[in-house]
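Here are the chains, one letter per residue:
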Amino acid sequence: MRELTSPSVVKDIINTYGFRVRKALGQNFLMDANIIDKIVNAAELTPGDLVFEIGPGLGVLTQRLARSAGKVIAVEIDKNLLPILTETLTDFDNAQVVHADALKVDFDRLAAEHTEGGFGKGAKSFKLVANLPYYITTPILMHLLTSGFNFDCLVVMMQKEVAERLQASPGGKDYGSLSIAVQYYTVPEIVTRVPKTVFFPAPDVESAVIQLTRRKRPPVTLESEEVFFKVVRAAFGQRRKTLLNSLTGSGLAEKETWIKILEEAAIDPTRRGETLTIEDFANLANTYHRYQE
Ligand code: SAM
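All figures in this text were calculated on a predicted structure; none of them were measured in a lab.

1. Remarks on the UniProt feature "binding site: S-adenosyl-L-methionine" (unreviewed entry) in the protein
- Taking the numbering used here, the UniProt-annotated feature "binding site: S-adenosyl-L-methionine" (unreviewed entry) corresponds to Asn-28, Leu-30, Gly-55, Glu-76, Asp-101 and Asn-131.
- Tracing the sequence through the fold places Glu-76 in strand β3 (residues 71-76).
- Those residues in contact with Glu-76, other than ones at most four positions away along the chain, are Gly-55, Pro-56, Gly-57, Leu-81, Leu-85, Val-97, Val-98, His-99 and Ala-100.
- Polar contacts involving the side chain of Glu-76 include one to the main-chain amide nitrogen of Gly-57, which spans 3.1 Å.
- Relative to the assigned elements, Asp-101 resides in the loop between β4 (95-99) and α5 (107-115).

2. Observations regarding helix α7 (residues 160-167)
- Among the residues of α7, Val-162, Ala-163 and Leu-166 are the ones counted as buried. Each buried residue of α7 sits inside an arc of 100° when the element is viewed along its axis, so together they form one side.
- Close packing links the buried residues of α7 with α6 (137-146), β6 (153-159), α8 (177-185), β7 (186-194) and β9 (207-214).

3. Brief notes about the site of the ligand
- Near the ligand, the surroundings consist of 24 residues, among which Gly-55, Glu-76, Asp-101, Asn-131 and Tyr-135 are the closest.
- Side-chain polar atom of Glu-53 to a nitrogen atom of the ligand: 3.4 Å apart, as the coordinates give it.
- The separation between an oxygen atom of the ligand and a polar side-chain atom of Asn-131 is 2.8 Å.
- Computed on the free molecule, the ligand has an accessible area of 600 Å², of which 99% lies beneath the protein chains in the complex.
- Those elements that place two or more of their residues in the shell around the ligand are β1 (29-30) and β3.
- Classifying every residue of the shell around the ligand by side-chain character gives 14 nonpolar, 6 polar and 4 charged.

4. Examining the nonpolar core
- If you look at the biggest cluster of nonpolar residues, it comprises 65 residues, and the most contacted ones within it are Phe-52, Phe-107, Leu-128 and Phe-228.
- Considering every element that reaches this core, the biggest residue donor is helix α9 (residues 225-235), with 7 residues.
- A domain split of this core shows at least three residues from each of domain 1 (7-214) and domain 2 (225-292).
- Ignoring any residue separated from it by four or fewer positions in sequence, one finds Phe-228 in contact with Ile-180, Tyr-184, Leu-222, Ile-278, Phe-281, Ala-282 and Ala-285.

5. A few points about unusual backbone geometry
- Residues Phe-200 and Pro-201 are joined by a peptide bond in cis, for which omega reads -15°.
- Mapped onto the fold, Pro-201 is located in the loop between β8 (199-200) and β9.
- With a phi angle near 55°, Ala-266 is a residue other than glycine that sits in the positive phi range.
- Mapping Ala-266 onto the fold places it in the loop between α11 (255-264) and α12 (278-292).

6. As for the packing of aromatic side chains
- In total, this model carries 15 aromatic pairs according to the counting rule given.
- Ring geometry for Phe-149 and Phe-151: centres 5.6 Å apart, planes at 50°, overall tilted. Accessibility assignment for this pair places Phe-149 and Phe-151 in one class, buried.
- Measuring from ring centre to ring centre gives 5.0 Å for Tyr-184 and Tyr-185, while their planes differ by 80°; the resulting arrangement is edge-to-face.
- A relative accessible area of 5% means that Tyr-184 is categorised as buried.
- Residue Tyr-185 is classed as buried on the basis of its relative accessible area, which comes to 11%.
- Grouping aromatic residues by their ring pairs yields a cluster made of Phe-52, Phe-107, Phe-126, Phe-149 and Phe-151.
- When the ring centre of Phe-151 is taken as reference, the NZ or CZ atom of Arg-214 above it lies at 4.2 Å.

7. Here we look at the sheet that holds strand β2 (residues 49-54)
- Here 7 strands make up an open sheet; going across it, the order is β4-β3-β2-β5-β6-β9-β7 and the pairing mixed. Every other strand in the sheet has two partners, leaving β4 and β7 as the edge strands with one partner each. With strand direction ignored, the average angle separating the axes of adjacent strands in the sheet is 20°.
- In the sheet, β2 pairs with β3 via 5 bridges, with the strands oriented parallel. Looking across to β3, one finds that Val-51 is bridged to Val-72.
- Relative to the sheet, α5 contacts β2, β3, β4 and β5 (125-131), its axis offset from that of β2 by approximately 140°.
- The strands that α8 touches are β7 and β9; relative to β7, the one it contacts most, it runs at about 115°.

8. Quick word on the pairing of β4
- With 5 bridges joining them, β3 and β4 adopt parallel strand pairing. Bridging from a neighbouring strand, Val-75 pairs with Val-98 of β4.
- In this fold, the crossover linking β3 to β4 by way of helix α4 (residues 82-88) has right-handed handedness.

What counts, and where the lines are drawn
- Residues numbered from 1 in each chain as written.
- Predicted model: local features only at pLDDT ≥ 70, side-chain atom pairs only at ≥ 80, totals over all residues.
- Heavy atoms only, no water.
- UniProt positions renumbered as here; feature names shortened; annotations may be inferred.
- Helix = DSSP H or I, 4+ residues; strand = E, 2+ residues; numbered from the N terminus.
- Contact = heavy atoms within 4.5 Å.
- Polar contact = N/O pair within 3.5 Å; in protein donor to acceptor, adjacent residues only side chain to side chain.
- Buried < 20%, exposed > 50% of the residue type's maximum accessible area, 1.4 Å probe, protein only.
- Arc of directions from axis to C-beta.
- Near = heavy atom within 4 Å.
- Areas by Shrake-Rupley, 256 points an atom, 1.4 Å probe, with all protein chains shown as cover.
- Nonpolar A, V, L, I, M, F, W, Y, C, P; charged D, E, K, R; others polar.
- Core = buried A, V, L, I, M, F, W, Y, C linked by side-chain atoms within 4.5 Å.
- Domains from an automatic or database assignment.
- Phe/Tyr/Trp six-rings, centres within 6.5 Å; stacked < 30°, edge-to-face > 60°.
- Lys NZ or Arg CZ within 6 Å of the ring centre and 35° of its normal.
- Pairing = 2+ DSSP bridges.
- Axes fitted to C-alpha atoms, helices over the stretch in contact; angles between N-to-C directions.
- Right-handed = clockwise from strand over helix to strand, strands pointing away.

Following this line, the structure appears as structure tokens:
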């Protein structure tokens, strides 16, 4: 089998198939065996795992996943990669490629289809491992977190700045509504930073691999998740304003109502949204929710 971590092999495959790399699809192929090991180790794969991959590309990560997991289902949007994947995955009976847009895939249903008597029958846990196409990092993450997909962990490579936002704590410039959404559902941990040089073609930005382990239960008690995320977005709507002004600017309630809500929740209205912890947001959202009833 040809080594997909070798730049000359990658270029040879691309030329042989007359494949045109599409920047618009976030196509930067990883060529570093050490980074691939770090990604696969962070997923702690066992033969009982059914692993999903988004964007297998030429199949470099897919091959490693197939060696360690029970089954791999890789979702690829670019049909021009399918004949290449047929060749690179030919030795792996436990890997299957699905031609689809990952943003439109119902992963929970796909998992169910593949466990009930199907290809991944007997799988004990679901994981998702991917070197993500960066142009859709945030929507893909939100899709995976909020769609009811019952994964144990996600190990994903993304733009370094986005990974830092996912792990950020209150008070810093990186902390925002994405940090809170991710930390509500998972425990994030950056596994490694990745230089541009290990990709073909090299991307414009540095990357990082992050492990997101699903929480068994949420870190806070909410009366409504929907209201919680609305209030979080409202608080970060205008970052340079005070919490009171930002919340008022969101149009969710009148200024007078927000003053009462903040007082009842014992939160100083002159604070900035980015100083609030997830517990503060839960308190604020639950108080707001009661005012709506
Ligand atoms: N896994 C390969 C690797 O590590 O070398 C390729 C990673 S490359 C950064 C991203 C891959 O995602 C490409 O193969 C691209 O075609 C695919 N892709 C882009 N948008 C997608 C989408 N909406 N759904 C599924 N795959 C997508």
